[in-house]
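Structure assessment
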Amino acid sequence: MSDSLLFQVLGTAVLALPALLLAILGIALLVDRPWSESAIARWTEASVVTALVAAVGVLGMMLVTGDRELSLELGSLIAIPSEHFHFRLKFVFDRLSVPFVILSLVLIGTVGAFANRYLHREPGYGRFFLFYAVFLLGMVVASLAGTIETLFLGWELVGLSSALLVAYFHERAAPVLNAQRVWSVYRISDAAFLLAAVALHHVSGAGDFESMTGTGLWPDAKATLTSTQALGVGLLLLLAAAGKSGLIPFSGWLPRAMEGPTPSSAIFYGALSVHLGAFLLLRVSPILERSAVLCGVVVVLGLATAVFAAIIARVQSDVKGALAFASLTQVGIIVAEIGLGLRYIPLIHIIGHACLRTLQLLRAPSLLRDYHQIENAVGRRLENHEGWFEGLLSGPLKLRLYRLGLDRGQFDAVLDRFVVAPFTRVFRWCDGMERRWTDFLAGTGSRESDRVPASSPMVEEL
Amino acid sequence: MSGLHQPWLELCVLIPVLGALVVRFTSRPESARRRSLFVCSLTLVCAVAAWQDFEFLRVREAHDPEDMMIWSIGGRLLVVDELSAPLLPLAALLFLLTHLATLRTKVREFSFARSLVSEAILLATFSSKLPWLVGILLAAGVIPPYLELRKARKPTRVYVIFMGGFVALLVLGQAILAIAPDNSGFSGVAVVLLTAAVLLRSGIAPVHCWMTDLFEHASFGTALLYVSPMVGAYGLVRLVLPVAPTWVLSAVALVSLVTAIYAAGMALVQREARRFFSYLFLSHSSLVLVGLETATPIGLTGSLSLWLSVSVSLTGFGLVMRCVEARTGRISLLNFHGLSSQVPGLAALFLLTGLASIGFPGTAGFVGLELLVEGVIQAFPIAGAFVVIVAALNGLAVMSAYFLIFTGRPHSSTIDLRIRPSERIAVLILTALILIGGVFPQRGVDTRYRAAVRLAQPHADLGRSHLSKTQETGSNIEPAVALTAHARNARPAQLLDPASARLTVPPQP
C-alpha cells in the first residue's frame, strides 16, 4: 500500500469512526431501540481506540516520511463553482492538529472507560454516551479542521454537547439553569466565530487556512492579511476563544458547568473544551502575528484571566469549583503565551495541563472520601495552611480580594444587570404595548394565553 | 414551455378539493382523519411526481400536458418552475404530517375538510405564476382560518382587520398595475401597495399582530399550516421582486431585518408556548425575506434553501408543541414541566427541529444559513452581522424552550404519555429530512441555485441596461442606484459581459 493511500485510510478512519459511533447511538435512540450498557461501552471503546490507533499511525507516517503536513480532502459539503462558493471538508494533519487530536482521543477514551463504571445503571447512561459521541466528533473535527468553516462545524458540536451535559441531571432546576447560562455564552462565542469566518472569506477570498495564513507550514506560516484586517478578524476570533475558554468576562460559566457528572466535567471543562479557545488562537496564530495590537490584547486578556482565576480559585469551597478556576488560571497563562508569540510551549502546556486536570477531576470524588477518612482517623479537621503569597498581603487587601473571589468578580451580576435586564425590560415593554394594541383592535381581552396556568395540569387532571 | 408527462399539477389541486368534499360528509371524526390522511398522501405523491417530472424535463418551466387536461383552462394556468417545484411536495408534506400528528383528543377541534381546502388553495398558489391568479389565490387563502375562528366563536376582529387590509392592498396594487402605463408614477405606487400587502401577509413588524393573534385563537394545526409554507415570501417573489426598484428591495430588507431582530427578542420574553412559537417563526421567516431582497445568486440561494429548511424544521417544532399540548393543555413558559422522561422521543425531535431551524451543523438549516449570511454580507455588509445575531438569539430561545418544557423537574403521570405510532412516523420522517438535508445538501442547493439565478436575472438585466444608458448619456447619476444590492459590489465589466447569461458574483480580491 502506498503512503498516500495508507494516509487516506488512516485519516478517514480518525474522522469516520466518531461519526459512526454517533450514528449508531443516535439512530438507536431515535427508533426507540436503545442499546444495552455493555453494547454502548463496546461500541464506544472500539471506535475511540481504533480512531486513536489510526491517529497514532498518521503520526508515525509523518515521522517516518518527514512530512510536516498532510491534507485530507473529503470533497465539498456544498459547492457553487460559478459563485466561487465552496464549503470544503478539508482536514489537515500537522504539528498542531496531530498532537491535539491524539490528546483528545486519549482523554476522551479514558473518561469513557471511567464513565462506564461511574454511571453504571444511571437512567441517563445512554444519553450521556450520546452527548459524549457528539463531543468526540466535535473535538476530532475541530482539531483536524483544514478550513475555518469545518472548524466552526466542530466548534458548534462541542458547544451543544457541553451545554446538554451540564443539564445531565435534568430533573433538577439548577443544572438546567446553569446549562442555559453556558449555552448563552457559547452562542455569543459562536456568533463571533461565524462573523470572523465570513469576514475571512471576504478578506482572503477563501476559507481554508492555507489561504488565510499565506504560504508556509504551521507555525511558520505567514498571513497575507493587512494589519488592520488582522486586527478586525483577530478580535472576533479572540471573542470566540474567550467565550469557549471562559476567559474574562465570560468566566462565570465555568463553575456553573460543574453541575454535570464528574466525567463530563473532567473532559469538557477541565481538559479539552476549555482549551479549545487556546487551540483556535494557535491555529490562527499567523493572523495574530500580523498585528502587534492584537497580540497585546491577547496577552493582557490572558494574564488578567490568570490573575483573576488564581484569586477566585483560592476561595472556592467545593473541589470541582476550585479545580475549574485552577484550570482557568492555566488557560489564561496559555493564552498569554500565545500572545507573546510562543507556539510549541503553549501546545505542550495544553497537553500537560489537560492530562493533569483530567486526573484531578476524576480523582475528586474519591479524594474527598480519602480526606474524610484521614480526618476521622486523626479525630479533627485537617489544618488549612496559609500560602506564601497570602502572607505577603495586608489584612484589608486580603479581605477585599476575598470578597472579589467570593463574588467571582461580579462578572455575571454585571452581565445580568447591564445586558440581560435591559434587554428583557425593553422587550417586555414591547410585549405590553402589543397587548394594548391587540386588545384595542379586538375590543376585548385578546390573549387567551394569559389564562394558561404556570404549571399545566396533566392529562388525568383535565 | 414544456408539458409534464401527466397532469400532476391539476391532480395536486383536485385531489384535496374532492377529498375535502368526501371528508366534509364523513360523520365520524376518526374516519374523517383516516380519509384525510389518504387524500394527503395521494396529494403528496402527485406533488413529488410533479417535482421529479419537472426535474427530468430540465426546462425553465412546465405545465400540465394539454391533451390530458382535466380542466380546460387549468393546464394553462398552472405551471411549475425551479422556484415552485420543491415547494409543492413541501406544502403537501406539511399538511400530511400535521394530519398524521393529530391525536384523537384533537380530531374534533381540527377540521380536516377545511384543512384540505387550504391545501388545495396553497398548492394552486405555488403552481401559479400569473400575478392576478397569484393575487386571487393569496386572497382566497385567508378564508379557511377565518371560518374556523367563526365556527369556534373566537374573536376575529384582529384577523379580519389585518387580512382585510392585505386583500385590499393586493387588489388595489394589482388593479393599478393593470391599468397604469409602464414607467408611470402609478406603477411605482402599485409596487409599493403590493409590497405592503405581501409584507402584511408575511407578518413584518409592525403589522405582525395578526400572527400572534391567530396562534392565540385558532387551533395550533390551522395556525401552523397558515404560516409555515411562507406564502407571503412566495407573493413577494412573484408579485414584487420582478418589478420592484432597488430602493424597494432595500427597504424591504431593512424592515425584514428589524422584524427578525424584534421577533427574536420577543420570543425570548414570551410566557406561553404558542406565542413563543409565532415569534420564533416570524424571526426565521423574516430572515428568508432579508435573503430574497439581496437579489444576489448567493443570497437568494441561501434564502430559498432556508425557506425549505425553516418550513420543515419549524413545522416539526410546532407539531411537537402541538403533541405536548394534546397531553398537557396550553404550555406555560413560566415554569419547568420536566416532560422529557415521559416523552423522550418528542423531546429529541423538539431539540433536533429547533437546532435545524437555527442552522446547526449537520442539519438541513446549516447550509442555508451559511449561504444567507454570505449573501447578505455581500449585499449589505453591516446587515450580515445582524443576521448572525438573530441566529444567536433564536438559538437561545430554542434551547430555553426545550429546557422549560422537557426538563427542570421530575414528572410522573399515571397515564401513558408516550409517543403514539402515528406521531412516531411523523417524527421519523422529519428527522430523516432534517439529517439527510444536512449531510447531503448539494442537490438541494443546486436546485435552489438555479431558481436563484432565474430570480436574479431581471435585476442583472436592469442593472446592465441602466449602466449602458448612463454610459451613453454621460449622466452623472451613480449607476449603482439602479443596480441590485449585489451589483453594487460588482465591477461594470463583469456585469456587462455579454457572454454571461446571468449575473455573476465577482471573485473576491
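This write-up is about the structure you can find in this document.

Bringing the overall build of chain B into the picture now. When helices and strands are tallied, chain B shows 21 helices and 3 strands. A total accessible area of about 17,600 Å² is found for chain B, and carbon and sulfur atoms account for 66% of it.

In terms of regular secondary structure, chain A is built from 18 helices and 2 strands. Against the compact-globule benchmark of 23 Å for 462 residues, chain A has a radius of gyration of 24 Å, which places it among compact chains. Based on the C-alpha atoms only, the size of chain A along its principal axes is roughly 75 × 70 × 55 Å. Of all 462 residues assigned to chain A, the portion counted as buried reaches 53%. The contacts in chain A between residues at least 6 apart in sequence include a share of 74% that link residues at least 24 apart.

Each pair of packed helices gets described by two things: the angle between the helix axes and the distance between those axes. Residues and elements named next belong to chain B. The interhelical angle for the contact between helix H14 (residues 273-294) and helix H17 (residues 364-379), taken along N-to-C directions, is 50 degrees, at an axis separation of 9 Å. One element, H14, and the other, H17, form an angle in the oblique class. Helix-helix and strand crossings are classified by hand; for H14 and H17 the assignment is left-handed. Only Leu372, Gly375, Val376 and Ala379 of H17 make contact with H14, whose side of the interface consists of Leu287, Val290, Gly291 and Thr294. A per-class count over the contact of H14 with H17 returns 5 nonpolar, 3 polar and no charged.

This part takes up the environment of A:Val56. Among the secondary structure elements, A:Val56 is positioned in helix H2 (residues 37-65). Residues A:Val56 and A:Pro263 lie 207 residues apart in sequence; the distance between their C-alpha atoms is 24 Å.

With that settled, the discussion passes to helix H12 (residues 231-240) of chain B. When you tally the buried positions in H12(B), you get 10 out of 10 residues, the bulk of the element. Those residues of H12(B) that sit buried are B:Val231, B:Gly232, B:Ala233, B:Tyr234, B:Gly235, B:Leu236, B:Val237, B:Arg238, B:Leu239 and B:Val240.

On to the sheet that holds strand E3 (residues 79-81) of chain B. Residue and element names in this part refer to chain B. Ordered by their spatial adjacency, 3 strands build an open sheet running E1-E2-E3, and the pairing between neighbours is mixed. Two strands close off the open sheet at either side, each with one partner strand: strand E1 (2-3) and E3. Of the strand pairs in this sheet, strand E2 (residues 61-63) and E3 are connected by 3 bridges, and their pairing is antiparallel. Residue pairing for E3: Ala62 is matched across the bridge by Val80.

Across all of its chains, the model carries 33 aromatic pairs over all chains by this definition. Relative to B:Phe317, the ring of B:Phe276 lies with its centre 6.3 Å away and its plane at 50 degrees, an arrangement referred to as tilted. Taken together, the positions of B:Phe276 in helix H14 and B:Phe317 in helix H15 (residues 297-328) put the pair 41 residues apart, joining distant regions of the chain. Owing to a relative accessible area of 0%, B:Phe317 belongs among the buried residues under this scheme. The rings of B:Phe215, B:Phe220, B:Phe276, B:Phe277, B:Phe281, B:Phe317, B:Phe350, B:Tyr402, B:Phe403 and B:Phe406 are connected pair by pair, giving a single aromatic cluster. Cation over ring: A:Arg127 sits above A:Tyr168, and NZ or CZ is 4.8 Å from the ring centre. One residue, A:Lys244, lies across the ring of A:Tyr186, its end atom 4.2 Å from the ring centre.

Residues and elements named next belong to chain A. Among the structural elements, Lys320 can be located in helix H14 (residues 319-339). Engagement of the side chain of Lys320 in a polar contact is seen with the backbone oxygen of Gly260, the distance being 3.0 Å. Residue contacts for Lys320: discarding those within four places in its chain leaves Met258, Gly260, Pro261, Thr262, Ser265 and Leu361.

As a further point, take the interface of chain B and chain A. Listed by partner, the interface residues are 85 residues for chain B and 66 residues for chain A. Applying the counting criterion to the chain B and chain A interface returns 4 salt bridges. Run the count over chain B and chain A and you get 20 residue pairs in polar contact (both at pLDDT 80 or more). For the side of chain B that touches chain A, the element with the highest residue contribution is helix H18 (residues 381-406) of chain B, accounting for 12 residues.

Quick look at the pattern of salt bridges now. Residues and elements named next belong to chain B. Counting across every chain of the model gives 27 salt bridges over all chains. Ionic pairing is found between Arg450 and Glu55, a salt bridge with its closest N-O pair at 3.4 Å. One end of the pair, Arg450, is in helix H20 (residues 442-473); the other, Glu55, is in helix H2 (residues 29-57), with 395 residues separating them in the sequence. Residue classification places Glu55 among the buried residues on the basis of a relative accessible area of 17%. Between Arg238 and Asp81 there is a salt bridge; the shortest N-O distance is 2.9 Å.

Another aspect to go through is unusual backbone geometry. Across residues other than glycine, the phi torsion is negative in most instances, and most of the peptide bonds are trans. Going from A:Ile248 to A:Pro249, the amide bond is cis rather than trans, its omega being 10 degrees. In this structure, B:Pro206 follows B:Ala205 across a cis peptide bond, with omega equal to 5 degrees. Positionally, B:Pro206 belongs in the loop between helix H9 (185-202) and helix H10 (209-217). Of note, A:Arg408 is a non-glycine position whose phi angle comes to about 55 degrees, a positive value.

Residues and elements named next belong to chain B. In a regular helix each residue adds 1.5 Å, so 18 residues correspond to 26 Å; H9 covers 26 Å between its end C-alpha atoms and thus fits that length. Taken together, the buried positions of H9 are occupied by Ser187, Ala190, Val191, Leu193, Leu194, Thr195, Ala197, Val198, Leu199, Leu200, Arg201 and Ser202. Close packing links the buried residues of H9 with helix H8 (157-179), H10, helix H11 (220-227), H12, helix H13 (246-269) and H14. Positive backbone phi, at 80 degrees, marks Gly203, one or two positions downstream of H9.

Once that is clear, we can look at the nonpolar core. Soluble, globular proteins show a tendency: their nonpolar side chains are buried together. By size, the foremost hydrophobic cluster in this structure holds 322 residues, and its most contacted members are A:Tyr269, B:Trp307 and B:Phe406. Residues within four places of B:Trp307 in sequence aside, it is in contact with B:Leu83, B:Leu87, B:Pro229, B:Met230, B:Ala233, B:Tyr234, B:Val237 and B:Val288.

Right, let's get into the pairing of strand E2 (residues 85-93) of chain A. Residue and element names in this part refer to chain A. E2 sits mainly inside the fold: 7 of its 9 residues count as buried. Summarising the sheet, strand E1 (residues 70-80) and E2 pair through 8 bridges and their orientation is antiparallel. Counted as the bridge partner of Leu72 is Phe91 from E2. Once E1 ends, the chain turns through 4 residues before running back antiparallel as E2, passing His84 with a positive phi of about 55 degrees.

The rules behind these values
Every residue gets a number counted from 1 within its own chain, in the order that chain's sequence is written. Chains and ligands are labelled sequentially in the order written, the chains with letters from A and the ligands with numbers from 1. With the structure being a predicted model, the display of local features is reserved for residues of pLDDT at least 70 and the display and counting of side-chain atom pairs for 80 or more, all residues being used for whole-chain, interface and lining totals. The side-chain figures draw on all heavy atoms in the structure; neither hydrogens nor water molecules are used. Counting from the N terminus, the helices are the DSSP runs of H or I reaching at least four residues and the strands are the DSSP runs of E reaching at least two. In this description, accessible areas are obtained by the Shrake-Rupley approach with a 1.4 Å probe, and a residue is regarded as covered only by the protein chains that are shown. The globule rule is 2.2 Å times the number of residues to the power 0.38, and the radius of gyration it is compared with is taken over C-alpha atoms. Exposure classes here rest on a 1.4 Å probe applied to the protein chains alone. A residue is buried below 20% of its type maximum, exposed above 50%, and partly exposed in between. Throughout, a contact is declared for two residues whenever any of their heavy atoms are within 4.5 Å. Interaxial angles span 0 to 180 degrees and are taken between N-to-C directions of axes, which are lines fitted to C-alpha atoms, for helices over the stretch in contact. Should an angle lie under 35 degrees it is considered roughly parallel, over 145 roughly antiparallel, and from 65 to 115 roughly perpendicular; all remaining angles are considered oblique. What makes a crossing left-handed is the near helix being turned counterclockwise from the far one by less than a right angle; a clockwise turn instead makes it right-handed. Note that Gly is not counted as nonpolar here; it falls among the polar residues with everything else outside the nonpolar set of Ala, Val, Leu, Ile, Met, Phe, Trp, Tyr, Cys and Pro and the charged set of Asp, Glu, Lys and Arg. At least two bridges found by DSSP between two strands are what make those strands a pair. For Phe, Tyr and Trp, rings pair up if their centres lie within 6.5 Å, where Trp contributes its six-membered ring, and each pair is then called stacked (planes under 30 degrees apart), edge-to-face (over 60) or tilted (otherwise). Consider the ring centre and the ring normal. A charge sits over the ring if Lys NZ or Arg CZ is within 6 Å of that centre and within 35 degrees of that normal. Polar contacts, as used here, are pairs of N or O atoms within 3.5 Å; protein pairs need one atom able to donate a hydrogen and one able to accept it. Residues neighboring in sequence count only if both atoms are side-chain atoms. Throughout this description, the term salt bridge denotes a Lys or Arg side-chain nitrogen within 4 Å of a carboxyl oxygen of Asp or Glu. For a helix, the expected span equals 1.5 Å multiplied by the number of residues minus one. The definition of a nonpolar core used throughout is a set of buried Ala, Val, Leu, Ile, Met, Phe, Trp, Tyr and Cys residues joined through side-chain atoms within 4.5 Å.

Just geometry here; none of it tells us what the structure is for.
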